[in-house]
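Coordinate inspection notes
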Amino acid sequence: MKKLMSIFLCFIIIFFMVQIVLTITKKSHEEYYALKTSDNSYKIQEFFSSKNSTYNFIITDKKNNSYILSLNKNYHKQKNIIKDILYFKEKDLTCIYPIFKKNFTSNLYCRYKNNQVSPSYLNQKNVKSIQKIMSQLKKLGYKSNLKFQEPTSSSYKNIVVYKQNLLPNYYFTMWNYKGLYLLSQEKLSNIKLLSKDKYENKLSILLNNFYIYFDTNEKPYSALYIYDLFKSQKKQLKLKKISLSSNIYFNGLYNNLLYITDLDNKKEYALNPNQRKLSEVGEDGNYFTFTNAKLKYLDKYNFFKDNIYFNNEVTNKNINEKYHPQTIIKQEDYYYFISQNKLYKSLNKEPTKAITLLELPKIKEWKIKEHDIILVSDDTLYFYNDNYGLLKIAKSNELKYNYKNICDFVKK
């Protein structure tokens, strides 16, 4: 009997060890389950990817209305993590509020006139029903980070800043010809980088928390400069062993490196700002490029035939046919694009069921990092993410005329 018990215990231990190993090594899962509540019923498609530790969901209610959402939270790769859904309906607006395991909540997800839209977009369009639903949600004891109130503004130097909208751990930059304005919840700063005005900001770029630039008043270039936004420190990298001509340009960023091309000397370099090291690329005859979200190498002739700028743009036939966007950017499991002054995102599994995030007139430039977005519209810099909605950050009359590579941001 003791021998049988020992064998049984060994079997149990091995079984649980195998389960642990399978959980650790599991890279993804797809689950389909149903959830019935007091006022609705749902079919849930749950997709998990360990690559970015993100859950994506397609939730369909009993009237066949679908809601697409994502969640970035460590549930240790568990399945079926939605345990309840609150349902709200006001006229032609319906919203759901998922409640996950351990009573975790995230955002409100809404459909308006048969399309999924963000609560921020509803607020922009002055749909009063969203305010009623937000009030109902609050009465039930749930909160939202969405900011719907018009913020107060204050002048700083030559710009207007909306301090209430400066979020914790976010740093926004705005080029001001001799340097940049650094806007954060902690403080507003005017950082001088150049001795003379430089209208076009072609040889400056933000890489993580490092603002990298050449002093364009110094030619030929014998040094480049790295300003750490978090530490408020400027460091100089002297180019002792590298001779750069004045005919250079920035290719772009890839894998935490800045790539720089010297057209006169026919050379490409990679800068690591953490190590303050500039290294030559292409010595083997293969020059580094990152275009259409793909890493490529070109031979010397094709690389120097024209200026090569990195980009993470992609194409999607279904999105192009339905929305006709100028640019599509893929960020993890989502496509982001602008069409007719509206910013959309769509899950890669459902590219034509795009979510309307916001609408702004004449969006001139936008940048996305992870799922945080900045946009320049007319004279105003905006910030958007799903948790906080659309926020005004700063206003500058100069943005009406000069906006290329003027604004950027980083999250600490």
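Here the structure is a predicted model, which is why all the values come from computation and not from measurement.

A few words now on the overall build of the chain. A count of helical and extended segments in the chain gives 5 helices and 33 strands. A fraction of 41% describes how many contacts in the chain between residues 6 or more apart in sequence connect residues 24 or more apart. Total accessible area computed for the chain in this model is approximately 22300 Å², and 48% of it derives from carbon and sulfur atoms. In the chain, 66 side chains carry a positive charge and 37 a negative one; their mean positions are 6 Å apart.

The next subject is the sheet that holds strand E30 (residues 372-377). Across the sheet, 6 strands lie side by side as E9-E10-E32-E31-E30-E29; this open sheet has antiparallel pairing. The sheet is open, and its two borders are formed by strand E9 (154-156) and strand E29 (363-369), each paired with just one other strand. Here the strands of the sheet are splayed against their neighbours by 30 degrees on average, with no regard to which way each runs. Bridge count between E9 and strand E10 (residues 159-161): 3 bridges; the pairing is antiparallel. Bridged to Ser-154 within E10 is Val-161.

Turning our eyes to something else, we now look at the packing of aromatic side chains. The tally for this structure, following the rule as stated, stands at 32 aromatic pairs. On the numbers, 5.2 Å between centres and 50 degrees between planes, the contact of Tyr-254 with Phe-288 is tilted. Residue Tyr-254 is located in strand E18 (residues 248-254), and its partner Phe-288 is located in strand E22 (residues 287-291); the two are separated by 34 residues in the primary sequence. Here Tyr-287 and Phe-304 contribute two aromatic rings whose centre-to-centre distance is 5.3 Å and whose plane-to-plane angle is 80 degrees, an arrangement assigned as edge-to-face. Here Tyr-287, found in strand E22, pairs with Phe-304, found in helix H4 (residues 300-304); they are 17 residues apart in sequence, far enough to count as distant.

As summarised here, the arrangement of the 4 strands in space is E14-E15-E16-E17, forming an open sheet in which the pairing is antiparallel. Of all the strands in the sheet, the pair left with one neighbour each is strand E14 (204-207) and strand E17 (233-238). Geometrically, the sheet is characterised by an average inter-axis angle of 20 degrees between neighbouring strands, direction not taken into account. When E14 meets strand E15 (residues 210-213), the two strands line up antiparallel, connected through 4 bridges. Bridge pairing in E15 places Leu-206 opposite Tyr-211.

Under the criterion given, the structure shown has 1 disulfide. Note on cysteine connectivity: Cys-95 is disulfide-linked to Cys-110, with sulfurs 2.2 Å apart. Taking the torsion about the sulfur-sulfur bond, which here is approximately 105 degrees, the covalent link between Cys-95 and Cys-110 counts as right-handed. Separated by 15 residues along the polypeptide, Cys-95 in strand E6 (residues 93-100) and Cys-110 in strand E7 (residues 109-112) bring together distant segments of the chain. Residue class for Cys-95 comes out buried when judged on its relative accessible area of 0%. Overall, Cys-110 belongs to the buried group, its relative accessible area being 0%.

As a further point, take a positive patch on the surface. Taken together, Lys-36, Lys-62, Lys-63 and Lys-89 make up a surface patch of like positive charges. Inspection of the secondary structure assignment puts Lys-36 in strand E1 (residues 28-36). The exposure class assigned to Lys-36 is exposed, which follows from its relative accessible area of 71%.

Attention now goes to the pairing of strand E19 (residues 257-262). The buried count for E19 comes to 5 of 6 residues, which makes it a mostly enclosed element. Taken together, the 6 bridges between E18 and E19 define a ladder with antiparallel strand orientation. Residue Leu-253 lies in a different strand from E19, and its bridge partner there is Leu-258. Two successive antiparallel strands, E18 and E19, enclose a turn made up of 2 residues, where Asn-255 displays a positive phi of approximately 55 degrees. As defined by bridge partners, E19 adjoins strand E20 (residues 267-272) across 5 bridges and the pair is classed as antiparallel. Counted as the bridge partner of Leu-258 is Leu-271 from E20. Adjacent in sequence and paired antiparallel, E19 and E20 are bridged by 4 residues, among which Lys-266 carries a positive phi angle near 55 degrees.

The next thing to look at is the side chain of Asp-379. On the secondary structure map, Asp-379 appears in the loop between E30 and strand E31 (380-385). We note that Asp-379 is buried and unpaired, the nearest opposite charge coming from Lys-395 at a distance of 4.7 Å.

Another point: helix H3 (residues 128-139). Counted at 1.5 Å a residue, the expected span for H3 with its 12 residues is 16 Å, and the 17 Å between its end C-alpha atoms agrees. Those residues of H3 hidden inside the fold are in contact with strand E5 (82-90), E6, E7 and helix H2 (119-124).

What follows concerns the pattern of salt bridges. Applying the stated criterion across every chain, the model contains 8 salt bridges. Asp-386 serves as the salt-bridge partner of Lys-345, at 2.6 Å between the closest nitrogen and oxygen. Placement of Lys-345 in strand E27 (residues 342-347) and of Asp-386 in the loop between E31 and strand E32 (389-395) is noted, with a sequence separation of 41 residues between them. Overall, Lys-345 belongs to the buried group, its relative accessible area being 6%.

Turning next to the environment of Leu-166. Mapped onto the elements, Leu-166 comes out in the loop between E10 and strand E11 (170-175). Judged by its relative accessible area of 2%, Leu-166 falls in the buried class. The residues touching Leu-166, leaving out its near neighbours within four places in the chain, are Val-161, Phe-172, Leu-183, Ser-184, Gln-185, Leu-188 and Ile-393.

Conventions adopted
Residues numbered from 1 in each chain as written. Predicted model: local features only at pLDDT ≥ 70, side-chain atom pairs only at ≥ 80, totals over all residues. Heavy atoms only, no water. Helix = DSSP H or I, 4+ residues; strand = E, 2+ residues; numbered from the N terminus. Contact = heavy atoms within 4.5 Å. Areas by Shrake-Rupley, 256 points an atom, 1.4 Å probe, with all protein chains shown as cover. Lys, Arg positive; Asp, Glu negative; His and termini not counted. Charge placed at Lys NZ, Arg CZ, Asp CG, Glu CD. Pairing = 2+ DSSP bridges. Axes fitted to C-alpha atoms, helices over the stretch in contact; angles between N-to-C directions. Phe/Tyr/Trp six-rings, centres within 6.5 Å; stacked < 30°, edge-to-face > 60°. Disulfide = S-S within 2.5 Å. Buried < 20%, exposed > 50% of the residue type's maximum accessible area, 1.4 Å probe, protein only. Patch = residues over 30% accessible without salt bridge, like charges linked within 9 Å, V, L, I, M, F, W, Y side chains within 5 Å. Salt bridge = Lys/Arg side-chain N within 4 Å of Asp/Glu carboxyl O. Expected span 1.5 Å × (residues − 1).

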